[in-house]
Amino acid sequence: MTAPSAAGRPAASGPAPDTAPGPGYAFDNDSVHAAEQHGCLAAAYDTPTTAHLERTGVGPGWHCLEIGAGQGSVAAWLARRVAPSGRVVATDIKPGRIPAVPGLVVLRHDIVRDPLPERAYDLVHARLVLSHLPERRAVLARLLRTLRPGGRIQVDEFDSTHYAALLPADPDSRDLYARFHQAKLSALRASGGEPAWGRDAAADLCAAGFTEVEPVAHTEVWTADSPGARLQAHHTRHLRDRLVAAGMTDDELARVRHLMADPGFRAASCVFYTVQGRRSAD
Ligand SMILES: C[S@@+](CC[C@H](N)C(=O)[O-])C[C@H]1O[C@@H](n2cnc3c(N)ncnc32)[C@H](O)[C@@H]1O
């Protein structure tokens, strides 16, 4: 792996421009919208994520790898968990939002192509990263090799094709919400991602050679004040250029934000899959 990156701090200069459409990771940790994105993800998903991580038995002395750590809330939780003798390596292509925490090593690292040590970790975790990578199956093979025999993996991913506006029930709102989600699916696929990959993650872990693979599905109903609904409104900003390229207008995106802020709004969440597995003991 590359050396710890002191360059991985937030950019000192002004706000980065919005992401332009094109292949490559659809979001951008340097965007002015990134803090909102990572805040929503932590608020919505850190509780289920860490509850499942607890089931692996992670504790003092473990060596863990957190891939695509984002703002590092899960990595920091792991670092507290493995203290005082353990170690957590938190990686990201743009690691500037990962906090400096005792026991946490922060690396600027591309999980697709940068070196990865073999038989090094007791636990590997990746949330909402692999679905963005066209090379995700090859990455799973790398993750298997970076685990020590008997080591554990947890992958958390969406199936974003599961959506529905439940209330308000007027046809215009339901149609607008459906068109927004269809445009988002198109935009994410145009960037090389697969926003339905959560449903394939367990099968792909098996195909990569992991054993004891177990998927768990989590859904909820989003209300206007829920982090899940705030994340959808956030997408209208962070993915604005990509959504416009996929056929939405700025007026429609403003109407989506208005809908998400309606106290009467209810929507079925996407499915959040947590998949655990392990590398078999030699
Ligand atoms: C949707 S965010 C999820 C962040 C965090 N895992 C979470 O769930 O809160 C995806 C993260 O993966 C990072 N990422 C994207 N491509 C990557 C790659 N090839 N290698 C490592 N990290 C990557 C992004 O920079 C971003 O921080």
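Note that the structure is a prediction, hence the values are computed from the model and not measured. (Residues numbered from 1 in each chain as written. Predicted model: local features only at pLDDT ≥ 70, side-chain atom pairs only at ≥ 80, totals over all residues. Heavy atoms only, no water.)

(A) Structural context of the pairing of strand β2 (residues 87-92). Where burial is concerned, most of β2 is hidden: 5 out of the 6 residues are buried. As defined by bridge partners, strand β1 (residues 63-67) adjoins β2 across 4 bridges and the pair is classed as parallel. Its bridge partner lying in β2, Glu-66 is registered against Ala-90. The pairing of β2 with strand β3 (residues 104-108) spans 5 bridges and is classified as parallel. From the neighbouring strand, Thr-91 faces β3, where its bridge partner is Leu-107. (Buried < 20%, exposed > 50% of the residue type's maximum accessible area, 1.4 Å probe, protein only. Helix = DSSP H or I, 4+ residues; strand = E, 2+ residues; numbered from the N terminus. Pairing = 2+ DSSP bridges.)

(B) Layout of the UniProt feature "domain: Methyltransferase type" (unreviewed entry) in the protein. Listed under "domain: Methyltransferase type" (unreviewed entry) in the UniProt record, and renumbered for this structure, are residues 65-153. Each end of residues 65-153 is marked by a C-alpha atom, and these two atoms are 9 Å apart; helix forms 24% of the span and strand 31%. (UniProt positions renumbered as here; feature names shortened; annotations may be inferred.)

(C) Inspection of the pattern of salt bridges at higher detail. Scanning the model with the defined rule gives 17 salt bridges in all. Taking the shortest distance from any N to any O, the salt bridge between Asp-122 and Arg-148 comes out at 2.3 Å. Here Arg-148 lies in strand β5 (residues 147-159) and Asp-122 lies in strand β4 (residues 121-127), a separation of 26 residues in the sequence. For the salt bridge of Arg-137 with Asp-204, the shortest nitrogen-to-oxygen distance reads 3.0 Å. You can see Arg-137 sitting in helix α3 (residues 136-146) and its partner Asp-204 sitting in helix α5 (residues 201-208), a full 67 residues away along the chain. One network of salt bridges, in which partners are shared, links Asp-28, Asp-30 and Lys-94. (Salt bridge = Lys/Arg side-chain N within 4 Å of Asp/Glu carboxyl O.)

(D) Just the nonpolar core, in detail. Membership of the largest hydrophobic core comes to 29 residues, with the highest contact counts inside it found for Tyr-45, Phe-158, Tyr-177, Trp-222, Leu-243, Met-248 and Met-260. Here the element with the most residues in this core is helix α4 (residues 171-190); it accounts for 5 residues. Non-local contacts of Tyr-177, meaning those with residues more than four positions away in its chain, are made with Ala-164, Ala-165, Trp-222, Gln-232, Leu-259, Met-260, Phe-265 and Ala-267. In terms of nonpolar packing, the next biggest core, distinct from the first, is built from 28 residues, Leu-65, Leu-116, Val-155 and Trp-197 among them. (Core = buried A, V, L, I, M, F, W, Y, C linked by side-chain atoms within 4.5 Å. Contact = heavy atoms within 4.5 Å.)

(E) Representation of the site of the ligand within the structure. Surrounding the ligand, one finds 18 residues, the nearest of these being Asn-29, Gly-68, Asp-92, Asp-110 and Arg-127. The backbone of Gly-68 places a nitrogen or oxygen atom 2.7 Å from a nitrogen atom of the ligand. Contacts to the ligand include Arg-127, whose side-chain N or O atom sits 2.6 Å from an oxygen atom. When the free accessible area of the ligand is taken as 590 Å², the share hidden by the protein chains comes to 97%. For the shell around the ligand, the leading source of residues is helix α1 (residues 34-55), giving 3 residues. Residues that form the shell around the ligand fall into these classes: 8 nonpolar, 7 polar and 3 charged. (Near = heavy atom within 4 Å. Polar contact = N/O pair within 3.5 Å; in protein donor to acceptor, adjacent residues only side chain to side chain. Areas by Shrake-Rupley, 256 points an atom, 1.4 Å probe, with all protein chains shown as cover. Nonpolar A, V, L, I, M, F, W, Y, C, P; charged D, E, K, R; others polar.)

(F) Quick peek at the environment of Asp-122. Residue Asp-122 is classed as buried on the basis of its relative accessible area, which comes to 13%. Taking the C-alpha atoms as reference points, Asp-122 and His-38, 84 residues apart in sequence, are found 26 Å from one another. In this structure the side chain of Asp-122 is engaged in a polar contact, spanning 2.3 Å, whose partner is the side chain of Arg-148.

(G) Up close: the packing of α1 against helix α6 (residues 227-238). Between α1 and α6, whose axes approach to 9 Å, the crossing angle comes to 160 degrees. Between α1 and α6, the angle falls in the class roughly antiparallel. Two packed elements cross with a definite hand, and for α1 against α6 that hand is left-handed. Judged by residue contacts, Ala-34, Glu-36, Gln-37, Cys-40, Leu-41, Ala-43 and Ala-44 of α1 engage Pro-227, Gly-228, Arg-230, Leu-231, His-234, Arg-237 and His-238 from α6. Split by residue class, the contact of α1 with α6 holds 7 nonpolar, 4 polar and 3 charged. (Axes fitted to C-alpha atoms, helices over the stretch in contact; angles between N-to-C directions. Parallel < 35°, antiparallel > 145°, perpendicular 65-115°, else oblique. Left-handed = near helix turned anticlockwise from the far one by under 90°.)

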